[in-house]
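# Remarks on the overall topology
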Amino acid sequence: MSGAPPVLELRDVRCAFGDHEVLRGISLSVHRHEVVALIGASGSGKSTLLRTANLLEHIGDGQVLLAGEDISDPRVDADAVRARIGTVFQAYNLFPHLSVLDNVTLAARLVHNVPRARAEARALDLLASIGLGAKAKAFPDTLSGGQQQRVAIVRAIATEPELLLLDEITSALDPELVGEVLDLVRRLKDDGATILMATHEMAFAREVADRVVFLDQGRVCETGPAREVLGTPREPRTREFLSRVL
Ligand code: ADP
Ligand code: MG
């Protein structure tokens, strides 16, 4: 291992809504070029964990580090942190009033001050690479759910983020559209992306994730290489969860 710090590290992170403690001391790390799958029952805290990494949730205690920098320090500029992270949520969150091209280039142009021509050239390359070059001028509602979600992913990577957070990005899709979105995630992995993804696609997690983190009621119950956690889980709670979802 090189001495580089993890791209993302959570140290004993706690997060509560009122007196409901949703994250109860989470520690985990994601290293460069690593794909980590976050699994667990609905309500176990997966989305909240991803949102703490993006500073969208108040961190009650503990630390979140991005490339070694403590981003949970209140003095940190949250917008500057978010500009370094690409995020894709479950439901397509493209801006409906913007063309596909404008959706993909918006952050590059407004947040990163990339000149329009350069941002558009990169966006068109990215769209062409997912077979949607011809849709650049189209509006999101003319695309299928799978196409919209692929545009959302391309938008997230358009600014070359250090880290990608993917929150159940296929769960709102018709089954026949899931494959094309997962294919794109596979390609991002092959291209060396660093990804933390909440997913209920266990077969996909097993194939693509380097490591799996199983969350149970706001705690990391089990973590390890994807094949081990999903194939021969050690913890009874992991076994019970997997027997329900596999
Ligand atoms: P998951 O993504 O694993 O389904 P979540 O992180 O969405 O889990 O939710 C974990 C728990 O936190 C759930 O009990 C949920 O009801 C609660 N929760 C999430 N967001 C909020 C919120 N904004 N206000 C109150 N409770 C919330
Ligand atoms: Mg969730």
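Conventions adopted
Residues numbered from 1 in each chain as written. Chains lettered and ligands numbered in written order. Predicted model: local features only at pLDDT ≥ 70, side-chain atom pairs only at ≥ 80, totals over all residues. Buried ≥ 20, exposed ≤ 12 C-beta atoms within 10 Å, placed from the backbone. Helix = DSSP H or I, 4+ residues; strand = E, 2+ residues; numbered from the N terminus. Contact = placed C-beta atoms within 7 Å. Pairing = 2+ DSSP bridges. Axes fitted to C-alpha atoms, helices over the stretch in contact; angles between N-to-C directions. Core = buried A, V, L, I, M, F, W, Y, C linked by C-beta atoms within 7 Å. UniProt positions renumbered as here; feature names shortened; annotations may be inferred.

All of the buried residues along helix α3 (residues 100-110) are Val 100, Asn 103, Val 104, Thr 105 and Ala 108. Buried residues belonging to α3 abut α4 (116-129) and α5 (145-157).

Okay, the sheet that holds strand β1 (residues 8-17) next. Strands sit in the order β2-β1-β4-β5 across an open sheet of four strands; the sheet is antiparallel. Only two strands of the sheet have a single partner each, and these edge strands are β2 (20-30) and β5 (69-70). Bridging between strand β4 (residues 61-66) and β5 involves two bridges; their strand directions are antiparallel. Along β5, the bridge assignment pairs Leu 65 with Asp 70. Relative to the sheet, helix α1 (residues 46-53) contacts β1, β2 and β4, its axis offset from that of β2 by approximately 60°.

For the rest of this paragraph, the subject is the nonpolar core. Residues Ala 37, Leu 38, Leu 196, Ala 205 and Val 212 are the most contacted members of the largest nonpolar core, which totals 67 residues. With sequence-adjacent residues up to four places away left out, Ala 205 is seen in contact with Ala 37, Ile 39, Thr 199, Val 212, Ala 226 and Leu 230.

The residues that UniProt annotates with the feature "domain: ABC transporter" (unreviewed entry) are residues 8-242. Note that residues 8-242 is 37% helix and 26% strand, and that its end C-alpha atoms are spaced 26 Å apart.

What follows covers the sheet that holds strand β8 (residues 195-198). Read from one edge to the other, the open sheet built from six strands follows the order β6-β7-β8-β3-β9-β10, with strand pairing classed as mixed. Of all the strands in the sheet, just β6 (85-88) and β10 (219-225) have a single pairing partner and so form its edges. Neighbour-to-neighbour, the strand axes of the sheet open up by a mean angle of 15°, direction not taken into account. Against the sheet, α1 touches β3 (35-39), β7 (163-167), β8 and β9 (211-216), its axis set at about 150° to β8. Together, β6 and β7 form the strand contacts of α5, whose direction differs from that of β6 by roughly 170°.

The next subject is the pairing of β10. Taken residue by residue, a regular strand's side chains alternate between the two faces of the sheet. Judged from the six bridges that link them, β9 and β10 form a sheet pairing that is antiparallel. By the bridge assignment for β10, Val 212 is matched with Gly 224.

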